[in-house]
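Tertiary structure, described
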Amino acid sequence: MTELIVLSCLIAGIGLYAWSVPQGSRSWWLLAGATAGLVLAAIAVSNSVRSTGDSWTAAILLDLAELAAVALVWTRATDESGRAARRYLGAIVPAIACTLIGGGLLQSGAPPAVEKLALCLLVFGFALKLAWIPLYFWLPDVAAHAPVMTTALIVSVVDIGTLTELAGLRARAPQLFDDHAAVWTAIALLSMYGGVLLALAQRELKRMLAFSTIGDVGLLVLGLVAGGATGLSGASIGALNHALSKVLLFGAVGLAERGLGRSVTLDTRGLAARLPVPAAVFVIGALGFIGVPPGFGFGAYWRIYLAAANYGGPALLGALLVVAVLDLFCYARAIHCTWLGPARDAVTGVPATLAPAALVALAVLMIGLGLYPGVLTAVPGPVLAVVTGR
Amino acid sequence: MIDLALVPTAVLLAAAVLELALARWLSRAAKGWLACSAAAAAAAGVLALARRTGHGEVVTAAGGNWDAGVPVAYHVDGLSVMFMLMGTVIGGAILLYSVRYMEHEAEGTTRFYVLMLSFIGGFTLLVGTSNLLLVYVAWEAMGLCSYFLVGFWYRQQASVDGARKVLIITHVGGYGLLAAIVMLFVRSGTFDWTDPAMATALSGGLVALLLVAAMAKSVLYPLHTWIPEAMNAPTPVSGLLHSACYVKCGVYLIARLYSIGPWHDVFGDALLLVGCVTMLVGAVFAVAQTDLKKLLAFSTVSQLGYIVTGLALGTDLGVAAGLYYAASHGLFKGTLFLCAGAVQHTTGTRDMRTLGGIAARMPVTTAVWLVAAAAIVGVPGTTGFVAKWLLFGAALEARQVVVVAVAWIVSLVTVFYFLKATISVFYGAPGPELRTDDIREVAPSMRVGMGVLGTACLVFGVAPQLLMQPVVAPAVRSLGFDWNIQLTWLGVMTGAGAAAVTAGGGAVIAAAALGGLVFGLVHASPARAVAVFSGGDPLPSGDALGAVDFAEMAQTAFTPVYSLDPDPLYIRIWHAIRDTAVGLGTVARATAEDHPVATAAVSIAILCGGVWLL
């Protein structure tokens, strides 16, 4: 129940933000509503059919949501967003095909060779959908050129849906994960390290956020791979944290861009003096995202670390903690270069009122969940239930 | 009815929530009084706990689940109470001082008090809970509070730079704690450090990880470099960070290790080395400072070296010395910071090159400073003397002659730089920029705040039994050590370990007397000015030895030590990471982003190979 409330709050927050700071025409609203609705429906269906094992309806709903998200990027009607949408479409169409075919091949009693083929197709499909390294080519362009709430919707709500689909696969076909654990682990680590290092290489904040998304998804995948109640619930809580914090981070950057009239980069200085609310939201989102306690992210991180230590021993735990350190470097630099310190850049844009209020409400929700995660973990909601099988 | 063990944390956190809820209606001073009252109430709760733990009782409590499978379990013993007292009493005095100090801040007072209360509340949780995951949460929550408090003036570059360094170094070090906790759970199946399974799970590697976390928090070399940068914060923040709470987290963790599992000699030796190097490096760097708060910051580094050295000795007397030193340090360092803050508050500067001669204008502040300075250098009649006496006794008893030598040398250096600070700030001639007419004594509540702590330095120096028996002894016993220390008034030991240190003290007094005798015998003439031909008319300045002369002299004399500053290494590590990231970014753009189809083809080939081969 709490989980549904959090998801609903998230979607409402995106809506309020978009109401206050227009993200597109009427078609944007239609497509955004369709995307969110389809993802919620897919999660609900996944939850209701857990016992029967029927995954097709949910998968098709999620694929439709992905296509709606592509159309959402297209609504901006600029050359750059058109290019970004084409790249996104170029990733999503083969991804849908691969996951559907892979799922189809995955019948009980299928010969090992077919099962391996199915695994390859599924991994490839999910890699394109979730922009794993090195198949991330569409995400930075989308992040840089689509309206911020479009990106936020994709990397939060749509990603939650896709991760739920992956978690459902984990529950239905555990042998795909257990028999090929090394492959999954390598993929997850590659995304984690690649994502965070590429995030560190960026100077434009939205691209940096996009790459750090890739790294975080790698961690969540590792939680699923490590399995057990701890790893799975860690991945589930992590997905919610990912969604909440990315909306906060993209939302804050969006407000800063509106004020500055241009992109926010690491050369921007001291925005907090002129835009204290977006600055506070960014800091809360960033610290929650990287899992600094008592931020919400910690509830996910400690579970995944525990699962990883059980699964891969101290070496794997050490590898994860190195990524956490790199994440810290990345976000500390963003906070301190862009937001804190003496003001240097003039803020001339018309201030929005409802959008910061929506972000503050989500930030308060995130702090509350961080201070008392028991409210979420005591009774599993639909995502947690799908993931953990409880 | 809430359990007594939970009261201090609950009161402080509830007050933080109240501050937020009533922010619109409370004046700045009222917010301060609310915070101060909460700290006083929490201290009263701790005193009630101390009555029970003083007899060896352990007070336990359960406050429900914080997260699924993570109960809020409290296990309050003598050690917990000692640290809780430090946090709430010293924190309370600092909050009292803050009432007037923060009254002139145009904005952010609610933020300030909420963070301060959460900080102290987090400290009581850290030392009170037996759940290691909550220990980590409290550890990092305090880290976050300190990050925001150090960056309180977030529009000033120096403040936010200091805050970033606090965040990076202490949080990265904290991952050592998290890794150790996770591995302990994997091996023991519990987060509860009181569970006997924990002792068998505690291996050498895990102890090393815990020590790394402790070193980062407790400013032990080479993870100490954040603390001088954290000085561009409101003085109460510096006081709380340096004296009562923040730097004591690592001390608590090191001490607590004794009650968790076996303590191997190799760790004791390693920690002794770290402690000695830290006390030496801190003192030598302190000498070179011309910024009063930075000098105090480096002296904190040095003093933490003493504390950790005592704990690392691992004997009954050593642990008692370390813990008494920790309490004593909380008192005198808190006092010193509040005095430094009073000076800065009034004069607008903390640059010792500018300050001077303010003793006449601020007699109370000067008197309190002198008491605290006497304590830190170990003058008899103060807590510092008792602490040092215990520590030297413990080191001699353990036959750690090198430790004694290093501690003795550092004591001399400490005298040197505190003389420099005292003369530069309170006596001597003020710099030309200083408008002495505007200098006035600070507000009464600020004087009371620092006066309470200064008085405690004297009271517990003259009658150390008052602190030893009810607070330190139960803490020592709770770690499994025996308490057989007998002290006279002024803290001179008469029981076990007394012979060596008394002999050592006698030797020092004899040497001093011999020096005086020789000086008298040679009929040294009184100091007088020496006529120096300067090539013509006398030069206009250079007739007095000031802070700059000391600093320059120290920099020249100790140049090899300054090369031990680890910051250049950290900068190289950061550059290596950044260059790797930029290089990877260039490659990724040229391949994965510009040629996605080819990248996909190669990826699927590798994937198929992996699936079929692995």
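What you are looking at is a predicted structure, and each value in this text was computed from that prediction instead of being measured. (Residues numbered from 1 in each chain as written. Chains lettered and ligands numbered in written order. Predicted model: local features only at pLDDT ≥ 70, side-chain atom pairs only at ≥ 80, totals over all residues.)

Our next topic: the overall build of chain B. Broken down by element type, chain B carries 24 helices and two strands. Each principal axis of the C-alpha distribution contributes one length, and for chain B these read about 95 × 65 × 60 Å. Across the 614 residues that make up chain B, the buried fraction comes to 56%. A fraction of 80% describes how many contacts in chain B between residues 6 or more apart in sequence connect residues 24 or more apart. (Helix = DSSP H or I, 4+ residues; strand = E, 2+ residues; numbered from the N terminus. Buried ≥ 20, exposed ≤ 12 C-beta atoms within 10 Å, placed from the backbone. Contact = placed C-beta atoms within 7 Å.)

Looking only at helices and strands, chain A features 17 helices and zero strands. Looking at chain A as a whole, 66% of its 390 residues qualify as buried. For chain A, the proportion of contacts with a sequence separation of at least 24, taken over those separated by at least 6, is 79%.

Looking at chain B, the domain boundaries give domain 1 (151–509) and domain 2 (567–613). Between the C-alpha centres of domain 1 of chain B and domain 2 of chain B the distance comes to 46 Å. (Domains from an automatic or database assignment.)

Before going further, it helps to spend a moment on unusual backbone geometry. Residue Pro134(A) follows Ile133(A) across a cis peptide bond; omega there is 5°. As for its position among the elements, Pro134(A) is in the loop between α5 (112–129) and α6 (138–145). With omega at 5°, the peptide bond leading from Tyr221(B) into Pro222(B) counts as cis. Checked against the element boundaries, Pro222(B) lands in the loop between α8 (204–217) and α9 (226–229). We note that Val219(B) has phi near 45°; this positive angle belongs to a residue other than glycine. Turning to its location among the elements, Val219(B) is positioned in the loop between α8 and α9. Although it is not a glycine, Arg399(B) adopts a positive phi angle of roughly 60°.

The next point concerns the interface of chain A and chain B. Each side of the interface is counted separately: chain A has 49 residues, and chain B has 47 residues. Taken together, the elements giving at least two residues each to the side of chain A that touches chain B come down to α5, α9 (181–201), α12 (271–274), α14 (297–339) and α16 (374–377) of chain A. Here the element with the most residues in the side of chain A that touches chain B is α14(A); it accounts for 16 residues. Considered class by class, the residues forming the side of chain A that touches chain B number 40 nonpolar, eight polar and one charged. (Nonpolar A, V, L, I, M, F, W, Y, C, P; charged D, E, K, R; others polar.)

Residues and elements named next belong to chain B. In this sheet, strand β2 (residues 70–76) lies alongside strand β1 (residues 59–67) in antiparallel orientation, the contact comprising six bridges. From the neighbouring strand, Asn65 faces β2, where its bridge partner is Pro71. The hairpin formed by β1 and β2 contains two residues between the paired strands, and Gly69 there has a positive phi angle of roughly 80°. (Pairing = 2+ DSSP bridges.)

What follows covers the environment of Ala62(B). All names here are of chain B. By the secondary structure assignment, Ala62 is in strand β1. Accessibility expressed as a C-beta count within 10 Å gives 12 for Ala62, which makes it exposed. In this structure, the C-alpha to C-alpha distance between Ala62 and Leu613, residues 551 residues apart in sequence, is 52 Å. If near-sequence neighbours (up to four positions away) are discounted, Ala62 is found in contact with Pro71, Val72 and Ala73.

Okay, the environment of Gly451(B) next. Within the secondary structure, Gly451(B) sits in helix α18 (residues 444–462). What makes Gly451(B) buried here is the crowd of 20 C-beta atoms within 10 Å.

This part is about the environment of Trp19(A). Residue and element names in this part refer to chain A. Position of Trp19 among the secondary structure elements: in helix α1 (residues 2–20). With 14 C-beta atoms counted inside 10 Å, the residue Trp19 sits in the partly exposed group. In the structure, Trp19 is positioned 336 residues away from Ala355 in sequence and 7.8 Å away in space, judged by C-alpha atoms.

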